[in-house]
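The primary structure of each chain is shown beneath.
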Amino acid sequence: MALDMGIHPPTISERLAFDPVWLLDLTFAGKVYHYATEPVQITKGSNSIQYMGGLEIDLSQPLSLFSESPQTLSIPVSVHFPDDFGALVAKGHDPNFAIGEVSIHYPGRTWGERFRVLRGKMAQPQYGAKDEPIAFSLEQNPFEDAGILISDDQRVSAETWPVANYDSSLEGMYYPIVFGTPGVYKGKAGADKTTTGSPALLVDHAGTKYVLIAGHHVRAEDVTIVNNNTGTKEVCAVTNTTDLLGQPVALAVISSAYNADTDNFFTRWDQGGGGLENDRKDGDLTGGGELLIYMLRRSTLEWDRGRTYAAARYLDRFKFAGYIDDAVTPFEWVKQNLLPLLPVSMIAAAEGIAPVVWRREATQDDAVINFTKGPDCVRVGPVTFETGDPVNDLTLNFALRADDNSYKRSIRLTGNDNDRTPYGSTPTGGNFSNIYSRSSFRRFGQRAKTISTEIVYDRGTAAQILQWKSRAGATLMRSVPYAIGRRHAAIGVGDVVTITDPDVSLSDELAIVRDVQVTRQTITIELVLLDDPATDNRLT
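Not measured: the values here are computed from a predicted model. (Residues numbered from 1 in each chain as written. Predicted model: local features only at pLDDT ≥ 70, side-chain atom pairs only at ≥ 80, totals over all residues. Heavy atoms only, no water.)

## A closer look at the overall build of the protein chain
So, point 1. Helix and strand content of the protein chain: seven helices and 33 strands.
So, point 2. With the C-alpha coordinates aligned to their principal axes, the bounding extent of the protein chain is approximately 80 × 65 × 35 Å.
So, point 3. Taken across its 540 residues, the protein chain has 54% of its residues classed as buried.
So, point 4. At a minimum sequence separation of 6, the contacts of the protein chain that also span at least 24 residues come to 68%.
So, point 5. As displayed, the protein chain has an accessible area near 22600 Å², and 46% of this comes from carbon and sulfur atoms.
So, point 6. Averaging the locations of the 51 positively and 67 negatively charged side chains of the protein chain gives two centres separated by 5 Å. (Helix = DSSP H or I, 4+ residues; strand = E, 2+ residues; numbered from the N terminus. Buried < 20%, exposed > 50% of the residue type's maximum accessible area, 1.4 Å probe, protein only. Contact = heavy atoms within 4.5 Å. Areas by Shrake-Rupley, 256 points an atom, 1.4 Å probe, with all protein chains shown as cover. Lys, Arg positive; Asp, Glu negative; His and termini not counted. Charge placed at Lys NZ, Arg CZ, Asp CG, Glu CD.)

## Structural notes on the environment of Leu170
So, point 1. Its location among the elements puts Leu170 in the loop between strand 10 (134–140) and strand 11 (177–179).
So, point 2. Between the C-alpha atom of Leu170 and that of Arg155, which follows or precedes it by 15 residues, the distance is 8.9 Å.
So, point 3. Once residues within four sequence positions are removed from consideration, Leu170 is found in contact with Val156, Leu201 and Leu202.

## Things to note about the pairing of strand 9 (residues 115–126)
Each regular strand shows side chains that alternate between the opposite faces of the sheet.
So, point 1. Note that strand 8 (residues 99–105) and strand 9 share six bridges and pair antiparallel. Each residue of the ladder has a partner; that of Val102, found in strand 9, is Leu118. (Pairing = 2+ DSSP bridges.)

## Description of the confidence of the model for the protein chain
So, point 1. Here the protein chain averages 88 in pLDDT, and 90% of its residues register 70 or above.
So, point 2. Considering only residues more than four positions removed or in separate chains, one finds that residues 1–7, a stretch of pLDDT under 50, has 40 contacts. (pLDDT = per-residue confidence, 0-100.)

## Regarding the sheet that holds strand 1 (residues 21–28)
So, point 1. Here we have seven strands laid out as an open sheet, ordered 2-1-8-9-10-7-5, and antiparallel in their pairing. Pairing within the sheet leaves two strands with one partner each, and these edge strands are strand 2 (31–36) and strand 5 (56–57).
So, point 2. Pairing analysis gives two bridges linking strand 5 to strand 7 (residues 73–79), with the strands arranged antiparallel. Residue pairing across strands places Ile57 opposite Val77, the latter belonging to strand 7.

## As for helix 4 (residues 305–315)
Since the α-helix turns once every 3.6 residues, residues separated by three or four places project in the same direction.
So, point 1. Those residues of helix 4 that sit buried are Arg307, Thr308, Ala311, Ala312, Tyr314 and Leu315. Down the axis of helix 4, the sector holding all buried residues measures 155°, keeping them to one side. Turned more than 90 degrees from where helix 4 packs its buried face, Gly306 and Arg313 sit exposed. (Arc of directions from axis to C-beta.)

## Here's the deal with the packing of helix 3 (residues 288–298) against helix 4
So, point 1. Where helix 3 contacts helix 4, the axes come no closer than 6 Å and their chain directions differ by 145°. In this structure, helix 3 contributes Gly288, Gly289, Leu292, Ile293, Leu296 and Arg297 to the contact, and helix 4 contributes Thr308, Tyr309, Ala312 and Leu315.
So, point 2. Looking at the contact of helix 3 with helix 4 residue by residue, the classes come out as six nonpolar, three polar and one charged. (Axes fitted to C-alpha atoms, helices over the stretch in contact; angles between N-to-C directions. Nonpolar A, V, L, I, M, F, W, Y, C, P; charged D, E, K, R; others polar.)

## Comments concerning the packing of helix 3 against helix 5 (residues 330–338)
Each pair of packed helices can be summarised by the angle the axes make with each other and by the distance between the axes.
So, point 1. The geometry of helix 3 relative to helix 5 is characterised by a closest axis approach of 8 Å and an angle of 150° between their N-to-C directions. On the basis of the axis angle, helix 3 is roughly antiparallel to helix 5. Facing helix 3, whose interface residues are Gly288, Leu291, Leu292, Met295, Leu296 and Arg298, helix 5 presents Pro330, Phe331, Trp333, Val334 and Leu338.
So, point 2. Looking at the contact of helix 3 with helix 5 residue by residue, the class counts come to nine nonpolar, one polar and one charged. (Parallel < 35°, antiparallel > 145°, perpendicular 65-115°, else oblique.)

## Quick notes on unusual backbone geometry
Among all residues except glycine, the phi angle is most often negative; among peptide bonds, the trans geometry is most common.
So, point 1. With a phi angle near 60°, Lys281 is a residue other than glycine that sits in the positive phi range.
So, point 2. For Lys281, the location among the structural elements is in the loop between strand 19 (265–268) and helix 3.
So, point 3. Even without being a glycine, Asp508 presents a positive backbone phi close to 50°.

## Notes on the sheet that holds strand 17 (residues 233–242)
So, point 1. Reading around the circumference, 14-15-18-17-16-19 is the order of the six strands in this closed barrel, with antiparallel pairing throughout. Each neighbouring strand pair of the sheet contributes to a mean axis angle of 45°, computed without reference to strand direction.

## Points about the pattern of salt bridges
So, point 1. Here the structure, examined in full by the defined rule, presents 19 salt bridges.
So, point 2. Notably, a salt bridge pairs Asp282 with Arg280, separated by 3.4 Å at the nearest N-O pair.
So, point 3. Residue Arg280 is classed as exposed on the basis of its relative accessible area of 54%.
So, point 4. Each of Arg219, Glu277, Lys281 and Asp284 takes part in one network of salt bridges that share partners. (Salt bridge = Lys/Arg side-chain N within 4 Å of Asp/Glu carboxyl O.)

## Some thoughts on the packing of aromatic side chains
So, point 1. The tally for this structure, following the rule as stated, stands at seven aromatic pairs.
So, point 2. When the ring of Phe28 is compared with that of Phe81, the centres are 6.3 Å apart and the planes differ by 65°; the resulting orientation is edge-to-face. Here Phe81 lies in the loop between strand 7 and helix 2 (85–90) and Phe28 lies in strand 1, a separation of 53 residues in the sequence. Each member of the pair, Phe28 as well as Phe81, is classed as buried.
So, point 3. Through pairs of rings, three or more aromatic residues link up here, namely Phe28, Tyr33, Phe81, Phe85 and Tyr127. (Phe/Tyr/Trp six-rings, centres within 6.5 Å; stacked < 30°, edge-to-face > 60°.)

## Comments concerning helix 7 (residues 459–473)
So, point 1. With 15 residues, helix 7 extends 21 Å between its outermost C-alpha atoms, agreeing within 8% with the 21 Å of an ideal straight helix rising 1.5 Å per residue.
So, point 2. Along helix 7, the residues that are buried comprise Thr461, Ala462, Ala463, Gln464, Ile465, Leu466, Trp468, Ser470, Arg471 and Ala472. (Expected span 1.5 Å × (residues − 1).)

## Observations concerning the nonpolar core
So, point 1. Formed by 115 residues in total, the largest nonpolar core has its most connected members in Trp22, Leu24, Phe320, Trp333 and Ile525.
So, point 2. With residues up to four places along the chain from it excluded, the contact list for Ile525 reads Phe371, Val480, Pro481, Tyr482, Ile484, Ile491, Val513, Asp515 and Val516.
So, point 3. Membership of the second largest hydrophobic core comes to 28 residues, among which are Trp161, Leu201, Val211 and Cys236. (Core = buried A, V, L, I, M, F, W, Y, C linked by side-chain atoms within 4.5 Å.)

## Thoughts on the pairing of strand 4 (residues 47–51)
So, point 1. Inspection of the sheet shows strand 3 (residues 40–44) paired to strand 4 by five bridges, in the antiparallel sense. Note that in strand 4 the partner of Val40 across the bridge is Tyr51.
So, point 2. Taking the residues between adjacent antiparallel strands as the criterion, strand 3 and strand 4 are bridged by two residues, where Gly45 takes a positive phi near 65°.

Okay, here's the thing in structure tokens:
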């Protein structure tokens with residue numbers, strides 16, 4: 001992974017052989033101005049672009065590991081403007097609408113092969129006389145989503161259903177979006193168990209009685225409808241159709257489950273097939289990666305397709321199921337429900353927002369660079385144990401019962417060997433352990449935390465969530481800053497590296513790059529060391 005993740009990242013040989021040149025292409029007052037950290041001419045098609053030297057740039061791209069609140073990206077810039085900036089402003093050209101792109105150029109590459117870092121708007125410009133430099137920041141805030149996950153038209157109303165055919169208590173209720181097979185989970189003995197998975201809305205009770213089970217077409221051909229007032233259950237055929245506005249919906253025909261118009265109905269997705277279909281058209285949309293992509297598509301955000309699809313292949317091992325019936329923006333839903341369960345952080349990149357995945361099983365072989373103390377890698381601060389509260393006893397409540405918001409299952413990862421039990425030995429699940437929780441328990445004693453989720457029904461996924469959270473939070477993180485050579489300008493937040501520094505007893509230590517700060521003279525990175533009790537005697 002790299003800082004920009006544009007379409008032309010540098011090769012390892014380029015990183016080792018060349019010092020890169022930073023570029024700024026600034027569009028203002030109908031003209032494009034080209035700046036660089038040193039004068040350079042770059043081929044573009046059959047022509048070339050001459051970049052002026054003198055670009056002063058200060059870039060910091062921090063990574064908030066496992067934070068649900070991504071940080072925006074801002075780059076302070078200072079340049080000498082060739083035209084009279086003040087005169088252009090006086091003529092009515094507003095610099096707040098200027099657009100700039102920062103990129104990295106390696107010798108021998110064309111302009112089209114530059115390595116893009118950020119594209120953003122000019123903010124807080126400062127200028128003086130014509131011969132004085134101008135200063136400003138390029139800001140990119142790609143996390144403000146104005147998208148609509150469920151529109152105002154996608155709810156029960158006189159415009160969507162015959163007003164005489166539904167109960168007035170349903171007026172204004174949103175159509176649910178359903179993914180996976182909510183309500184289906186494994187019991188203590190490993191057999192399939194079911195509970196109410198999502199609401200079913202009685203939208204037509206004149207003659208044939210229909211309940212709406214989703215505000216979109218679904219893969220399920222049959223579902224079980226439960227009358228929550230009488231307890232009656234009925235397997236019903238599903239029809240993919242449209243409402244009066246032509247909006248796609250999924251309906252189920254009920255008969256024996258019906259008792260009264262005011263009854264509450266729920267759906268059990270237990271007859272094969274679930275809600276939304278995946279992109280491959282061969283199954284339910286249930287993987288963490290494909291669910292993230294679905295939400296990003298529904299949003300107004302710009303997002304990096306290449307990085308997101310690459311990350312999705314890893315994140316799809318986490319399986320989710322649930323429903324949404326709230327008026328919420330797609331990315332807000334992701335922040336509240338999905339990001340807390342995935343080993344991923346979202347960052348601002350040149351092509352839009354992008355996920356950075358933390359692979360808990362990463363090894364030295366996964367390192368993109370092996371740093372060793374020397375002229376190109378100088379420690380510029382101490383190794384710091386960070387403040388925080390380690391957690392070594394985690395309980396996850398899952399398998400939501402939709403009608404009363406209780407949880408049918410729980411799973412516990414404990415650091416105390418005496419608390420381990422087989423799955424199914426407790427009323428709602430079981431306990432297990434790993435080397436990270438046990439090591440932490442021996443050092444800190446029991447540090448417990450309980451979390452709950454509405455979108456997990458799969459025990460394997462629940463266990464994976466606890467595993468990565470334990471790996472990330474069972475011990476206090478150590479961090480250390482290094483100044484590195486300019487040839488490593490393409491190092492990026494989230495990159496896995498190794499560091500060897502005898503001065504602080506680090507030998508081929510695995511680390512994640514958490515912060516990159518770039519000025520014209522220096523590149524400083526902050527490394528988070530990935531302590532591993534399996535190989536580190538200090539932690540046993």
